[in-house]
Amino acid sequence: MSKIKRSLAIVIGIDRYQHIPQLKNAVSDAVELARVLKNLYSYEVLLLLNRRATKTELDRLVANLKNKTIPFDNKKIKVEKSDRLLFYFAGHGFAEEAQDSEAGKPAGYFMPQDAEADNKNTGLSMHEVYEALSSLDSHHLLMILDCCFAGRFSWIGQGRNAARSRQLYRQNYDRFIKHRTEQIITSAAHDEEAQDLSRFGQRGEKNGNSPFAHLLLKVLQGNSDGGRDKAIEAIVEDKIITVQELFTYLQNELGKVAQGQTPGLAQPRKYDIKTGEYVYLKGEYIFPLPKFNPENLKKLKLDKNSNPYKGLASFETEDTQLFYGRKTLSEKLGEIVNKQPLTIVLGASGSGK
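In this text the structure is predicted, and so the values were computed from the model without any measurement. (Residues numbered from 1 in each chain as written. Predicted model: local features only at pLDDT ≥ 70, side-chain atom pairs only at ≥ 80, totals over all residues. Heavy atoms only, no water.)

Student: An account of helix α8 (residues 243-257) is requested, with residue identities and associated values reported.
Tutor: A turn of α-helix holds 3.6 residues, and therefore any two residues three or four places apart point the same way. The end-to-end C-alpha distance of α8 is 21 Å, a good match for the 21 Å that 15 residues give at a rise of 1.5 Å each. Residues of α8 that are buried include every one of V243, Q244, E245, L246, F247, Y249, L250 and L254, and no others. (Helix = DSSP H or I, 4+ residues; strand = E, 2+ residues; numbered from the N terminus. Expected span 1.5 Å × (residues − 1). Buried < 20%, exposed > 50% of the residue type's maximum accessible area, 1.4 Å probe, protein only.)

Written out as structure tokens, the structure is:
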């Protein structure tokens, strides 16, 4: 089983823009996330704020990523296959209309501290950032974006929506750690923009953070901020937070504090040279809390009452944890059906047509 030996993070926060509207909380969001990652999860963090996040500086970062290195303050770290890497961006996002972008596809840009509103060349291409991060050898990669039009980043990755969370058994944990993964959490959909400005909008504020960052930090801190959120208590009961659990909480709670803002979770496909096909990675990004011990996770034991293969018996409410995994197959079937005028599905009664 693969073992993750090191946790790395690139955290970017920009709110003091030179040429476009300034923000309130992006830097405080980034600083607080960096603190939590360092103190609670023992990450090595590269923190880039305002003047350290100009177009020149971010271009230099991308160039280093393409060379499989991260330029920390006093050293360059080569990303290894035993690393987990988290990338976080808080600031302005810019959307290019489809008819203006390459091949008619909608494009998105992160706006550096010195970006100009009417010059996309001063922005940082989401596509380029994704390609640079995706080319790394890290075993687990998580990208979290809190900006307008953030969903365009996951669209680039040809991702799928992730399945809903379920109880974490020891077998799940072993699979998550053994396999690689790339996952993307976005605070807004690909076509969502702030309402007060046509291109750039002020992110909302919740207790000194954006609504998205407030909820993100609340989960990662495991209610240690003095909260008594029962949903978070349930998440951290086993001393580990999975991305599925994190996103489910964000999805359920963000709409209550940020109207018209739709978070997203995607799992990009990767090209398999051996098969010549795109496949989904089987791992999952996790946040092990202090004192987490995988030996304490329950093991799923199969007997006549827990066997997931029910034959012709119906799935009931109590089988929720077993009834999943059909989304990928349905998506592949949909791709086939959409390419031909008629599809006929044959099968005996009860075979699952």
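After presenting the structure, the write-up continues.
Student: Describe in detail the packing of helix α6 (residues 211-220) against α8, supporting the description with residues and values.
Tutor: At their nearest, the axes of α6 and α8 sit 10 Å apart, and the two run at 140° to each other. Classified by the angle their axes make, α6 and α8 are oblique. Considering how the two elements wind past one another, α6 and α8 form a crossing that is right-handed. Across the interface between the two elements, P211, F212, L215, L216, K218 and V219 of α6 pack against L246, Y249, L250, E253, L254 and V257 of α8. Across the contact of α6 with α8, the residue classes tally to 10 nonpolar, no polar and 2 charged. (Axes fitted to C-alpha atoms, helices over the stretch in contact; angles between N-to-C directions. Parallel < 35°, antiparallel > 145°, perpendicular 65-115°, else oblique. Left-handed = near helix turned anticlockwise from the far one by under 90°. Contact = heavy atoms within 4.5 Å. Nonpolar A, V, L, I, M, F, W, Y, C, P; charged D, E, K, R; others polar.)

Student: Can you tell me about the sheet that holds strand β8 (residues 124-125), naming the residues and giving the values?
Tutor: With antiparallel pairing, the 3 strands of this open sheet are ordered in space as β6-β7-β8. Each having just a single partner strand, β6 (93-96) and β8 make up the two edges of the open sheet. In this sheet, strand β7 (residues 107-110) lies alongside β6 in antiparallel orientation, the contact comprising 4 bridges. When the sheet's bridge partners are listed, F94 is paired in β7 with Y109. (Pairing = 2+ DSSP bridges.)

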